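Commentary on secondary and tertiary structure
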Amino acid sequence: GREFKVFDTKDGHGIKKALAEGLKVVWISGRTSLATARRARDLGVRFCYQGVGDKGERYRRLCRRWGLKPHETAAIGDDEPDVPMLEAAGFSACPADSSPEALKAAKLVLKRPGGRGAVREFVERVLAMNARRG
């Protein structure tokens with residue numbers, strides 16, 4: 001009756017880097033998991049939405065709430081429910097081992113697979129892009 005999840009420390013460090021640079025980090029998951037909620041809390045991710053049926057709608061609502069246009073955001077996802085976010089974001093990426101739908105929708109396919117440094121790779125790309133614009 002217990003759940004076991006593994007999280008990559010490199011990904012976690014990437015998230016901490018993003019937060020330290022002032023980026024809003026949001027997790028939107030279709031599943032509900034106590035382990036995910038705890039990991040988000042441990043990393044300092046204040047916006048962790050779980051059990052979300054329509055990720056695209058939640059994404060659009062958050063953009064409106066913060067006064068952002070979707071093209072001003074970045075998104076990462078790995079499966080079909082993530083496609084609306086991947087298509088709407090100004091920059092989007094997916095891990096190398098993503099579903100065919102996500103691979104097609106993302107603007108960039110990362111070198112790393114999901115759960116093995118893809119989030120860190122994504123964060124570093126976003127921070128580099130922001131530095132060039134800065």
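Placed above this text is the structure.
Residues numbered from 1 in each chain as written. Predicted model: local features only at pLDDT ≥ 70, side-chain atom pairs only at ≥ 80, totals over all residues. Heavy atoms only, no water.

1. Details of the sheet that holds strand 5 (residues 108–109)
Within the open sheet, the 3 strands sit side by side as 3-4-5. Their pairing is parallel. The open sheet has two free edges, formed respectively by strand 3 (74–76) and strand 5, since each of these has just one partner strand. Pairing of strand 4 (residues 91–94) with strand 5, which is carried by 2 bridges, proceeds in the parallel orientation. Bridged to A93 within strand 5 is L108. (Pairing = 2+ DSSP bridges. Helix = DSSP H or I, 4+ residues; strand = E, 2+ residues; numbered from the N terminus.)

2. Let's talk about the pattern of salt bridges
Taken as a whole, this structure holds 6 salt bridges when the rule is applied. With a closest N to O distance of 3.5 Å, K17 and E124 form a salt bridge. Note that K17 is positioned in helix 1 (residues 9–20) and E124 in helix 6 (residues 118–133), a separation of 107 residues in sequence. Look at the salt bridges and you will find they share partners, linking E57, R60, R61 and R64 into a network. (Salt bridge = Lys/Arg side-chain N within 4 Å of Asp/Glu carboxyl O.)

3. So, the packing of aromatic side chains
The description of an aromatic ring pair uses the distance of the two centres, along with the angle that the planes make with each other. A full pass over the atoms with the stated rule returns 2 aromatic pairs. Here F47 and W66 contribute two aromatic rings whose centre-to-centre distance is 4.9 Å and whose plane-to-plane angle is 70°, an arrangement assigned as edge-to-face. Of the two residues, F47 is situated in strand 2 (residues 47–49) and W66 in helix 3 (residues 55–66); the sequence distance between them amounts to 19 residues. A relative accessible area of 24% places W66 in the partly exposed class. Measuring from centroid to centroid gives 5.8 Å for F91 and F122, while their planes differ by 5°, and the two rings are stacked. Here F91, found in strand 4, pairs with F122, found in helix 6; they are 31 residues apart in sequence, far enough to count as distant. Taken as a pair, F91 and F122 share a single burial class, namely buried. Sitting above the plane of the W66 ring, K24 keeps its charged end 4.9 Å from the centroid. (Phe/Tyr/Trp six-rings, centres within 6.5 Å; stacked < 30°, edge-to-face > 60°. Buried < 20%, exposed > 50% of the residue type's maximum accessible area, 1.4 Å probe, protein only. Lys NZ or Arg CZ within 6 Å of the ring centre and 35° of its normal.)

4. A look at the nonpolar core
Note on soluble globular proteins: their nonpolar side chains tend to be buried together. Counting residues in each nonpolar core, the largest one holds 10 residues, listed as I28, F47, Y49, V52, Y59, L62, C63, A75, M85 and A89. For this core, the secondary structure elements donating two or more residues are strand 2 and helix 3. Among the elements that make up this core, the one with the highest residue count is helix 3 (3 residues). Residues contacting Y49, with those up to four places away along its chain left out, are V26, W27, I28, S29, R58, L62 and R65. Formed by 9 residues, the second largest nonpolar core is a distinct cluster that contains I15, V25, W27 and L127. (Core = buried A, V, L, I, M, F, W, Y, C linked by side-chain atoms within 4.5 Å. Contact = heavy atoms within 4.5 Å.)

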